[in-house]
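What follows is each chain in one-letter form.
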Amino acid sequence: MGLITLSEVKPGLKLGNDVQTLRGNVLFQKGKVILPKDVEVLRAFMIHQVDIEQERTGTSTSGSKASSASSVHVANEKNGERAGKGSSAVSAPVLPSLHEEYEKMVGLTKKAFLSSLAAELPVYELRTQLEALFVHLKQYNVLTFSPRVMQEHDYVYHHAVLSAITSYQLAQWMDLPSKDWMQVAFAGLFHDIGNNKVDPQILHKPSTLTASEQAEIRQHTKYGYQVLKQAKAINEGARLAALQHHEKVDGSGYPLQLSGTQIHIYAKIVAIADIFHAMTLEKIYRKAQSPYLVLEQIQSEAFGKLDPAIVNVFVQRSTQIHNGIRVKLSNNQIGEIIFSDRDHPTRPMVSVEGTIINLMQQRQLHIQEVIG
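None of these values were measured; they are calculated from a predicted model. (Residues numbered from 1 in each chain as written. Predicted model: local features only at pLDDT ≥ 70, side-chain atom pairs only at ≥ 80, totals over all residues. Heavy atoms only, no water.)

### What about helix H4 (residues 98-115)?
Next, step 1: End to end, H4 covers 26 Å across 18 residues, agreeing with the expected 26 Å (1.5 Å per residue, within 8%).
Next, step 2: Among the residues of H4, Leu98, Glu101, Tyr102, Met105, Val106, Leu108, Thr109, Ala112 and Phe113 are the ones counted as buried.
Next, step 3: In the core, the buried residues of H4 are packed alongside helix H5 (123-134), helix H6 (155-173) and helix H7 (178-190). (Helix = DSSP H or I, 4+ residues; strand = E, 2+ residues; numbered from the N terminus. Expected span 1.5 Å × (residues − 1). Buried < 20%, exposed > 50% of the residue type's maximum accessible area, 1.4 Å probe, protein only. Contact = heavy atoms within 4.5 Å.)

### Here we look at the sheet that holds strand S9 (residues 367-370)
Next, step 1: The antiparallel open sheet is built from five strands, whose spatial order is S8-S7-S6-S5-S9. Edge positions in the sheet fall to strand S8 (355-358) and S9, since each has one partner strand and no second. Each adjacent strand pair in this sheet contributes to an overall mean axis angle of 40°, direction not counted. (Pairing = 2+ DSSP bridges. Axes fitted to C-alpha atoms, helices over the stretch in contact; angles between N-to-C directions.)

### Some details on helix H12 (residues 265-280)
Next, step 1: Between its terminal C-alpha atoms H12 stretches 23 Å, which fits the 22 Å expected from 16 residues at 1.5 Å a residue.
Next, step 2: Counting buried positions along H12 gives 15 out of 16 residues, so the element sits mostly inside the fold.

### Comments concerning unusual backbone geometry
Next, step 1: With an omega of 15°, the peptide bond between Tyr254 and Pro255 qualifies as cis.
Next, step 2: By secondary structure assignment, the location of Pro255 is in the loop between helix H11 (236-244) and H12.
Next, step 3: A positive phi angle, near 75°, is found at Asn332, a position not held by glycine.
Next, step 4: With respect to the helices, strands and loops of the structure, Asn332 is situated in the loop between strand S5 (326-329) and strand S6 (334-339).
Next, step 5: Of the residues examined, Asn332 reaches a relative accessible area of 56% and is grouped as exposed.

### Description of the nonpolar core
Next, step 1: Grouped together as the largest cluster of nonpolar side chains are 79 residues, with contacts concentrated most on Leu121, Leu130, Leu189, Phe190, Ile298 and Phe314.
Next, step 2: The greatest single-element share of this core, amounting to eleven residues, is contributed by H6.
Next, step 3: When residues no more than four places from it in sequence are discounted, the contact partners of Leu130 are Met105, Ala164, Met182, Ala185, Phe186 and Leu189.
Next, step 4: Membership of the second largest hydrophobic core comes to 19 residues, among which are Val9, Leu15, Ile34 and Ile338. (Core = buried A, V, L, I, M, F, W, Y, C linked by side-chain atoms within 4.5 Å.)

### Some details on the side chain of His158
Next, step 1: Tracing the sequence through the fold places His158 in helix H6.
Next, step 2: Setting aside anything within four residues of it in sequence, one finds His158 in contact with Tyr102, Val106, Pro147, Val149, Met150 and Leu281.

### Describing the packing of aromatic side chains
Next, step 1: Scanning all chains against the criterion turns up eight aromatic pairs.
Next, step 2: Ring centres of Phe113 and Tyr157 lie 6.0 Å apart, and the angle between their planes is 80°; this geometry places the pair in the edge-to-face category. Highlighted residues: Phe113 in helix H4 and Tyr157 in helix H6, separated in sequence by 44 residues.
Next, step 3: Its guanidinium or amino end placed over the ring of Phe28, Lys32 lies 5.3 Å from that ring's centre, counting from NZ or CZ. (Phe/Tyr/Trp six-rings, centres within 6.5 Å; stacked < 30°, edge-to-face > 60°. Lys NZ or Arg CZ within 6 Å of the ring centre and 35° of its normal.)

### Some points on the side chain of Asp307
Next, step 1: Mapped onto the elements, Asp307 comes out in the loop between helix H13 (291-301) and helix H14 (308-318).
Next, step 2: On the basis of relative accessible area, Asp307 is assigned to the buried category, the value being 16%.
Next, step 3: Among the polar contacts made by the side chain of Asp307, one reaches the side chain of Lys268 at a distance of 3.4 Å.
Next, step 4: Residues in contact with Asp307, not counting those within four places in the same chain, are Val249 and Lys268. (Polar contact = N/O pair within 3.5 Å; in protein donor to acceptor, adjacent residues only side chain to side chain.)

And the structure:
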């Protein structure tokens, strides 16, 4: 069909090329089938014409056979029970879901943490379960994933597992060698294990800590390093992440006031995952915060506190596939993300009942909650 004007665009047509905004951002990708709401989006971005995929003409006999075979296959799948009876075909085993593997990991982590002061960490057992969990990594979206069930006092273990998953994913996004991925996951999983040696009354205190209490809390980094020094199959980078994940690139962190390249890259990665999940997970004394507001805070921390290159990768990649996500805005309106500018990924355009709200322009609004 080739180029057509916006007035000729109809739902059901397939794009022959990417549609780009005036600033060069990809609005819709080649091959996308146009939906009714997409026409409004094109109009909002003042797109005057689009390239539509050429329809194929002529149908071969083999094509008809393939179509018929496909129809039969679909019909058989819909009638799976009848097809299965009297057949020698063996059904494929149902694999555990992301949530099921996640819950197993949380349970195993809890058991390992509680026994870590008296027994050796079961690193190989934890690794096996992490590997089972990472089979489902493509289903994991850091902005939308939420535990199905979380007991009040299990926050520590959920935070550890989520930090492990996100650190593993971020290591991949950073193009670290594959041999580092599991060790970065261990770094995320164990970064706060030193809290086991901190007085629980201080650790879970909801009110402001005194100076001496803050000093005790800060010791968890050293305690964690000491615990991990005794663990097998964990490299020095994972141990240093426990020690250094509160260091800041400007030297203002603790416990050693390290700066820049003195901080191990594992620790820099874990620091971002730690902050994100600490703020987006529900706590006994504090509600979970909007992941988009937390991303904005992490971006602000990139100026002197967190590694700016890693922050940029985390923000860009975590928001890369958020189009279509349903969200609640701070004015309680429900809408759907339809587009985000790569320069401002935390402030996308949201369609609310046919009206497009540009959060870059309407700064008084923000995404309060991700619905799904």
